[in-house]
Amino acid sequence: MAKRPKPIHQMTAAQFENMFPVGDDDACKAYLKARRWPEGVRCPRCGNPAVYDLHSRKWHWQCTKCAPGGSTGYRFSVIAGTIFENTNKPLRDWFKVTHLMLTSKKGMSALQIMRYMGFGSYKTAWSMCHKIRAALIEPEKKLGGIVEMDETYIGGKDKNRHWNKRSGKRGVAADKTPVIGAVQRKGNVIARVLKGVDGTSVAKFVREAISNKVSLLATDSWPGYVDLPATLPHAMVDHSKKQYVVGVVHTNTIEGFWSIFKRGVVGTFHKMSAKYMPLYVAEFQFRYNNRFNADIFGTAIAGC
Ligand SMILES: [Zn+2]
């Protein structure tokens, strides 16, 4: 057995409370400023680093380079251009919801967030969660080395259904959403909602996700993988022949990712609409790709 890497401890609830005391939005603003602009404040419109601190207004700056209509300048706050703009919730609430989402392996539903945070409206919680999910979409680096690729189906009306995808693979129900994913062993995962379940969609995903420096691309023998470019070092295991691991060829890692995702879907979100599926995929992908990042919270805030 390979040695498991040491578990990484991300910020605990107690550490969060210490760093961001209740009612202290300044602590949050200072943190956001440091994460957003690690090399000093820049204008969110034009990127100009030579901005003036508006001493009369805390957490506000002025850029004279992109002044609209020759006025005194563009004035902006620490939340300008972030998902926290135009919201009536204090920054600390946003931070807390982000922290809750990141520390929960299977995710938290808007209903859980609403109750936990004591929000008066489900819509508020729902919209905050989706804005945070959108902020978790990271620039992707193509996968190399040994890569596993697999597809799965999410949703369906029968919520007591056994989630063994092998049973539902052929003759996919119309209400299920196909998701494809690839994972580099010991590395990152890239997952996407598929428009169609066919060779063309698979080929498009392969072009976007798999580097040409891949040394092995392992899949099962699903027909969508049969016509992959001959230049790819592609090997398949045939699950229908009870073939699961042939040397290094297996898809256990990506199946492990699906299993976390599906437990989140079934156990936490109950109904995940196809429309917002890409956001849920982004959330699970971010948590997975930052699983060894002790500063996952700071990384998330930097992307907000
Ligand atoms: Zn500017």
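Preceding block: the structure.
Residues numbered from 1 in each chain as written. Predicted model: local features only at pLDDT ≥ 70, side-chain atom pairs only at ≥ 80, totals over all residues. Heavy atoms only, no water.

A.B. asks: Report on the overall build of the chain, specifying residues and quantitative values.
C.D. replies: When its secondary structure is counted, the chain shows 10 helices and eight strands. Every one of the 304 residues in the chain was classed for burial, and the buried ones make up 45%. Contacts in the chain between residues far apart in sequence, at least 24 positions, make up 61% of those at least 6 positions apart. Of the accessible surface of the chain, which amounts to about 16,400 Å², a share of 54% is contributed by carbon and sulfur atoms. (Helix = DSSP H or I, 4+ residues; strand = E, 2+ residues; numbered from the N terminus. Buried < 20%, exposed > 50% of the residue type's maximum accessible area, 1.4 Å probe, protein only. Contact = heavy atoms within 4.5 Å. Areas by Shrake-Rupley, 256 points an atom, 1.4 Å probe, with all protein chains shown as cover.)

A.B. asks: Let's hear about the coordination of the zinc ion: which residues, and what values?
C.D. replies: Protein coordination of the zinc ion is provided by C43 (SG), C46 (SG), C63 (SG) and C66 (SG), with donor distances spanning 2.3 Å. Between the four donor atoms coordinating the zinc ion, the angles at the centre fall across 105 to 116 degrees, so the site counts as tetrahedral. Of note, the zinc ion draws all its donor residues from one chain, in the sequence arrangement C-x2-C-x16-C-x2-C. Of this pair, C46 sits in the loop between α2 (25–36) and β1 (52–53) while C63 sits in strand β2 (residues 60–63); the two residues are 17 residues apart in sequence, bridging distant segments of the chain. Residue C46 is classed as partly exposed on the basis of its relative accessible area of 38%. (Donors = N, O, S within 2.8 Å, 3.2 Å for Na, K, Ca; no water. Tetrahedral: all angles 85-135°; square planar, octahedral: opposite > 155°, others 65-115°.)

A.B. asks: A description of the nonpolar core should follow, citing residues and the corresponding values.
C.D. replies: Residues F20, F76, F84, F95, V97, I113 and F297 are the most contacted members of the largest nonpolar core, which totals 46 residues. Breaking this core down by element, the ones donating at least two residues are α2, β2, β3 (74–77), α3 (91–103), α4 (110–117), α5 (122–135) and α10 (296–302). For this core, the element with the most residues is α3, which contributes seven residues. For F20, the residues in contact, after removing those within four places along its chain, are M11, A27, C28, Y31, R92, F95 and F297. Judged by nonpolar contacts, the second largest core, of 19 residues, contains M149, I190, F205 and L232. (Core = buried A, V, L, I, M, F, W, Y, C linked by side-chain atoms within 4.5 Å.)

A.B. asks: How would you explain the packing of aromatic side chains if you had to name every residue and give the values?
C.D. replies: Under the counting rule described, the total for this entry stands at 19 aromatic pairs. Their ring planes at 90 degrees and their centres at 5.1 Å tell us that W126 and Y276 sit as a pair that is edge-to-face. One end of the pair, W126, is in helix α5; the other, Y276, is in the loop between α8 (252–269) and α9 (277–289), and 150 residues separate them in sequence. Assessed through its relative accessible area of 27%, W126 is described here as partly exposed. Among the aromatic side chains, those forming a connected cluster through ring pairs are F16, F20, Y31, F84, W94, F95 and F297. Positioned above the aromatic ring of F284 is the side chain of R287, whose terminal nitrogen or guanidinium carbon lies 4.6 Å from the ring centre. Taking NZ or CZ as reference, R291 lies 4.0 Å from the ring centre of Y288, over its face. (Phe/Tyr/Trp six-rings, centres within 6.5 Å; stacked < 30°, edge-to-face > 60°. Lys NZ or Arg CZ within 6 Å of the ring centre and 35° of its normal.)

A.B. asks: Residues and numbers for α8, please.
C.D. replies: Compared with an ideal rise of 1.5 Å per residue, which puts 18 residues at 26 Å, α8 spans 24 Å between its outermost C-alpha atoms and is within 8% of the ideal. If you check which residues of α8 are buried, you get I254, F257, W258, I260, F261, K262, G264, V265, T268 and F269. (Expected span 1.5 Å × (residues − 1).)

A.B. asks: Kindly report on helix α7 (residues 199–209), identifying the contributing residues and their values.
C.D. replies: Inspection of α7 places S201, V202, F205, V206 and A209 among the buried residues, and these make up the whole buried set. For α7, the angular spread of buried residues about the axis comes to 140 degrees, placing them on one side. Seen from the buried face of α7, the exposed residues on the opposite side, beyond 90 degrees, are T200 and R207. Buried residues along α7 sit in contact with β4 (143–155), β5 (176–184), β6 (189–193) and β7 (210–220). One side-chain oxygen at the N-terminal end of α7 lies 3.0 Å from the backbone nitrogen of T200; it belongs to D198. (Arc of directions from axis to C-beta. Polar contact = N/O pair within 3.5 Å; in protein donor to acceptor, adjacent residues only side chain to side chain.)

A.B. asks: I'd like to hear about the environment of H99, residue by residue, with values.
C.D. replies: Along the chain, H99 turns up in helix α3. With 87 residues separating them in the primary sequence, H99 and T12 have C-alpha atoms 9.0 Å apart. Look past the residues within four positions of H99 in its chain and what remains in contact with it is M11, T12, A13, F16 and F297. One polar contact links the side chain of H99 to the main-chain carbonyl oxygen of M11, over a distance of 2.8 Å.

A.B. asks: Give a detailed account of the pattern of salt bridges, specifying residues and quantitative values.
C.D. replies: In total, this model carries 11 salt bridges according to the counting rule given. Of the charged contacts, one joins D238 and K241 as a salt bridge, the two residues approaching to 3.5 Å between their closest N and O atoms. Bridged by salt links that share partners, the residues E140, R192, K204 and E208 form one connected network. (Salt bridge = Lys/Arg side-chain N within 4 Å of Asp/Glu carboxyl O.)

A.B. asks: An account of the packing of α5 against α9 is needed here, citing residue identities and associated values.
C.D. replies: Interaxial distance between α5 and α9 falls to 8 Å at its minimum, and their mutual angle equals 60 degrees. Taken together, the axis directions place α5 and α9 in an arrangement best described as oblique. As α5 runs across α9, the sense of the crossing is left-handed. For the pair α5 and α9, contact is made by H130, R133 and A134 and by L279, Y280, A282 and E283, respectively. Residues that form the contact of α5 with α9 fall into these classes: four nonpolar, one polar and two charged. (Axes fitted to C-alpha atoms, helices over the stretch in contact; angles between N-to-C directions. Parallel < 35°, antiparallel > 145°, perpendicular 65-115°, else oblique. Left-handed = near helix turned anticlockwise from the far one by under 90°. Nonpolar A, V, L, I, M, F, W, Y, C, P; charged D, E, K, R; others polar.)

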